Amino acid sequence: MNIHKILAHTSHRPYPLPKGPWMMKQGWNKVLFAHWPVNEASVAPFIPPGLDLQQWEGRPWISVVPFRMDPLLVRGLPPLPFVHSFLELNIRTYVIKDGKPGVFFLNMDASSLPAVTGARALTYLPYRYAEMSLQSEGQSIRYISKRQTAHGEALFNGVYSAVQSTPVHALPGTLLHWLTERYCLYTASSKGQLYVGDIHHQPWPLQEAKLYLDCHTSTQALGLVHEPEPSLLTYTERLEVLLWPLRKI
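Parameters at a glance
Residues numbered from 1 in each chain as written. Predicted model: local features only at pLDDT ≥ 70, side-chain atom pairs only at ≥ 80, totals over all residues. Heavy atoms only, no water. Helix = DSSP H or I, 4+ residues; strand = E, 2+ residues; numbered from the N terminus. Rg over C-alpha atoms; globule rule 2.2 N^0.38 Å. Buried < 20%, exposed > 50% of the residue type's maximum accessible area, 1.4 Å probe, protein only. Contact = heavy atoms within 4.5 Å. Areas by Shrake-Rupley, 256 points an atom, 1.4 Å probe, with all protein chains shown as cover. Phe/Tyr/Trp six-rings, centres within 6.5 Å; stacked < 30°, edge-to-face > 60°. Polar contact = N/O pair within 3.5 Å; in protein donor to acceptor, adjacent residues only side chain to side chain. Core = buried A, V, L, I, M, F, W, Y, C linked by side-chain atoms within 4.5 Å. Pairing = 2+ DSSP bridges.

Enquirer: Outline the overall build of the chain, supporting the account with residue identities and numerical values.
Expert: Counting secondary structure elements, the chain contains four helices and 14 strands. Its C-alpha radius of gyration of 17 Å places the chain within 12% of the 18 Å reference for a compact globule of 249 residues. Considered along the principal axes of its C-alpha atoms, the chain spans approximately 45 × 40 × 40 Å. Going through the 249 residues of the chain one by one, you find that 53% of them count as buried. Summarising the internal contacts of the chain: among those between residues at least 6 apart in sequence, 69% fall at separations of at least 24. In the structure as shown, the chain presents an accessible area of about 11900 Å², 56% of it carried by carbon and sulfur atoms.

Enquirer: A description of the packing of aromatic side chains should follow, citing residues and the corresponding values.
Expert: One pass over the structure, following the stated rule, counts nine aromatic pairs. Measuring from ring centre to ring centre gives 6.4 Å for tyrosine 143 and phenylalanine 156, while their planes differ by 80 degrees; the resulting arrangement is edge-to-face. Placement of the pair is tyrosine 143 in strand E8 (residues 140–149) and phenylalanine 156 in strand E9 (residues 152–162), with a sequence separation of 13 residues. With a relative accessible area of 0%, tyrosine 143 lands in the buried category. Since its relative accessible area comes to 1%, phenylalanine 156 is described here as buried. On the basis of an interplanar angle of 35 degrees and a centroid distance of 6.4 Å, the ring pair of tyrosine 143 and tyrosine 160 is categorised as tilted. Of this pair, tyrosine 143 sits in strand E8 while tyrosine 160 sits in strand E9; the two residues are 17 residues apart in sequence, bridging distant segments of the chain.

Enquirer: Give me the side chain of arginine 92: which residues, what numbers.
Expert: Here arginine 92 shows up in strand E4 (residues 86–97). In this structure the side chain of arginine 92 is engaged in a polar contact, spanning 2.8 Å, whose partner is the backbone oxygen of leucine 179. In this view, arginine 92 contacts Phe33, Trp61, Ile62, Ser63, Val65, Val103, Phe104, Phe105, Leu106, Leu179 and Thr180; residues no more than four positions away in its chain are not counted.

Enquirer: Before we move on, could you go through the environment of isoleucine 199 and cite the residues and values that matter?
Expert: Structurally, isoleucine 199 is set in strand E11 (residues 194–200). Judged by relative accessible area, which is 9%, isoleucine 199 ranks as buried. Between the C-alpha atom of isoleucine 199 and that of tryptophan 22, which follows or precedes it by 177 residues, the distance is 8.5 Å. In contact with isoleucine 199, not counting residues within four places along its chain, are Arg13, Arg182, Tyr183, Cys184, Val241, Leu242, Leu243 and Trp244.

Enquirer: Any details on the nonpolar core? Residues and values, ideally.
Expert: Looking at soluble globular proteins, one finds that nonpolar side chains tend to be buried together. Grouped together as the largest cluster of nonpolar side chains are 71 residues, with contacts concentrated most on Trp28, Leu32, Leu106, Tyr143, Phe156, Leu211 and Leu224. Setting aside residues up to four positions removed in sequence, leucine 211 forms contacts with Leu32, Ala34, Phe156, Val159, Tyr160, Pro230 and Leu233. Counting five residues, the second largest nonpolar core, distinct from the first, contains Ile3, Trp22, Leu242 and Trp244.

Enquirer: Just give me the short version of the pairing of E11, but keep the residues and values in it.
Expert: For E11, the buried fraction is high: seven of the seven residues fall into the buried class. Here E11 shows two buried faces, one formed by Leu194, Val196, Asp198 and His200 and the other by Tyr195, Gly197 and Ile199. Hairpin connection from strand E10 (residues 184–188) to E11: five residues lie between these consecutive antiparallel strands, with glycine 192 at a positive phi of about 90 degrees. Where E11 lies against strand E14 (residues 247–248), two bridges are found, and the strand directions are antiparallel. Following the sheet pairing, tyrosine 195 is matched in E14 by lysine 248. With two bridges connecting them, E11 and strand E13 (residues 232–243) associate as antiparallel partners.

Enquirer: Which residues make up the pairing of strand E3 (residues 61–74), and what values do they have?
Expert: Across the 14 residues that make up E3, a large majority, ten, are buried. Pairing of strand E1 (residues 24–37) with E3, which is carried by nine bridges, proceeds in the antiparallel orientation. Bridge assignment links histidine 35 to a residue of E3, and that residue is serine 63. As judged from the eight bridges shared by E3 and E4, these two strands associate in the antiparallel manner.

That is the geometry; function is a separate question.
So, in structure tokens, the structure goes:
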């Protein structure tokens, strides 16, 4: 999908497109969204001062999101070696600042060490290098992300697939819309300076999904407390995304 097509559809956004040029284009492929309500006391320590942890019906939520990044393109530059395509697994929660809801990342595993090094230096996002693989098993995807931590192994080893259904867009006012249709991310420097980064894409094309977890300790390694099985699952084959530079707030 070309840039003009992505930018042409904006009526679904909760606020206007940001001013200034976009900085990066990304393709998110074979995306699983696995959502859990989580114990507030286990996630609250991650939220920096100045951001408010959002809740749905009295509980905060986290999402575990494995996918393949392909491509990652910086505006005006040719594809960069070793960071053009890689695997990524995000663990995120939901925050708000001055009435603007967004995403806050608790951890971001990636299979590209150069991408991890660059992102940590330039964006303050919690990227970490992990051993990762994605393999097709018929209509299903075997996804593995493994990393050692001070609290043991952070492992996601599971098989997921779309249930045969036509992709749909989440309806406003639903939990699924609240979890997916967000158009900025927040992060903070080690000194507590807050930043916001605007993003834009067309509405998520979501399919029902199923997931079989052989092992999942990636959230446990962060100290997050939730039920063993996710409460909500969706699959997206591909979404193209534009990102703007981070701004101090």
